[in-house]
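So you can see what is in the structure, the chains are spelled out below.
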Amino acid sequence: MSTIFLGEEEILGKPNKKLVDFEDVTYSTIQKIPNGVGGVNWNNLIATDFLLYKGEGYVNNRMSGKYVGYNTSGQPVTISKEEGFDFYGGYFGVAWLNEAEGETLEIRAWRGDELIGEEEFHLSALGPFYFDADYRNITKLELKTKHYWQFVVDDILLGIN
């Protein structure tokens, strides 16, 4: 069972970890996350300078550096690796305060064709939630919002098998 924390949660001490903070993805203000970042494949996730859109959530949900990730046009994000990976968690929020405050993030994890985890929680533009997942040896992770609003993510912690 996963645990959801409000605010910062200590992420050190996890075995076999890789922190994806989106700082080394691009030197431009915005770019699609290429496959291979963090040792996994990415679909529909963008890295952007947190000041580009001036949305409250881009500023308030940034944990480190100047870049955050967000879902392209509110579409579902997938993170995958055929050989399997661990998803320990990450910091999540919603991009826009007035329009999307309280939007629901849905998270699903698969091992091959088997759905092994399914959770959801509400997002805020005022500060991030740390989703402490501890999903081990999964092959695909899906992140999506119920109403297709953009979510913001930073400091995703992965384990590469």
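Residues numbered from 1 in each chain as written. Predicted model: local features only at pLDDT ≥ 70, side-chain atom pairs only at ≥ 80, totals over all residues. Heavy atoms only, no water.

Asks: Explain the nonpolar core residue by residue, including any values.
Replies: One finds F22, F87, F92 and L141 to be the most contacted residues of the largest nonpolar core, which totals 33 residues. Among the elements of the structure, β5 (45–49), β7 (77–94), β8 (104–111), β10 (129–145) and β11 (151–160) are those that each provide at least two residues to this core. Per-element accounting of this core gives the leading share, seven residues, to β10. Beyond its immediate chain neighbours, meaning those up to four positions away, F22 contacts I33, L45, A47, Y67, V68, G69, V153, D154, D155 and I156. Counting residues in each nonpolar core, the second largest holds seven residues, with Y58, V68, Y70 and A95 among its members. (Core = buried A, V, L, I, M, F, W, Y, C linked by side-chain atoms within 4.5 Å. Buried < 20%, exposed > 50% of the residue type's maximum accessible area, 1.4 Å probe, protein only. Helix = DSSP H or I, 4+ residues; strand = E, 2+ residues; numbered from the N terminus. Contact = heavy atoms within 4.5 Å.)

Asks: Tell me about the packing of aromatic side chains, and name the residues and values.
Replies: Summed over the entire model, instances satisfying the criterion amount to 13 aromatic pairs. An angle of 40° between the planes, with centres 5.2 Å apart, marks the rings of Y53 and Y58 as tilted. A residue is classified by how much of its surface remains accessible, and Y53, at 31% relative accessible area, is partly exposed. Members of the aromatic cluster, each reached through a chain of ring pairs, are F87, F92, F121, F129, F131, Y135 and F151. Its guanidinium or amino end placed over the ring of F50, R62 lies 3.9 Å from that ring's centre, counting from NZ or CZ. The positively charged end of K140 is found above the aromatic ring belonging to W110, 4.4 Å away from the centroid. (Phe/Tyr/Trp six-rings, centres within 6.5 Å; stacked < 30°, edge-to-face > 60°. Lys NZ or Arg CZ within 6 Å of the ring centre and 35° of its normal.)

Asks: Quick rundown of the pattern of salt bridges? Include the residues and the values.
Replies: Pairing between side chains of opposite charge can happen when the charged atoms of each approach one another. In the structure shown here, the tally under the stated rule is seven salt bridges. Between R108 and E142 there is a salt bridge, with the nearest N and O atoms lying 3.2 Å from each other. Taken together, the residues R108 in strand β8 and E142 in strand β10 connect sequence positions 34 residues apart. Take E142: its relative accessible area is 16%, and that puts it in the buried class. When the shortest N-O distance is used, the salt bridge between D134 and R136 registers 2.7 Å. For D134, a relative accessible area of 38% corresponds to the partly exposed category. For R136, a relative accessible area of 38% corresponds to the partly exposed category. (Salt bridge = Lys/Arg side-chain N within 4 Å of Asp/Glu carboxyl O.)

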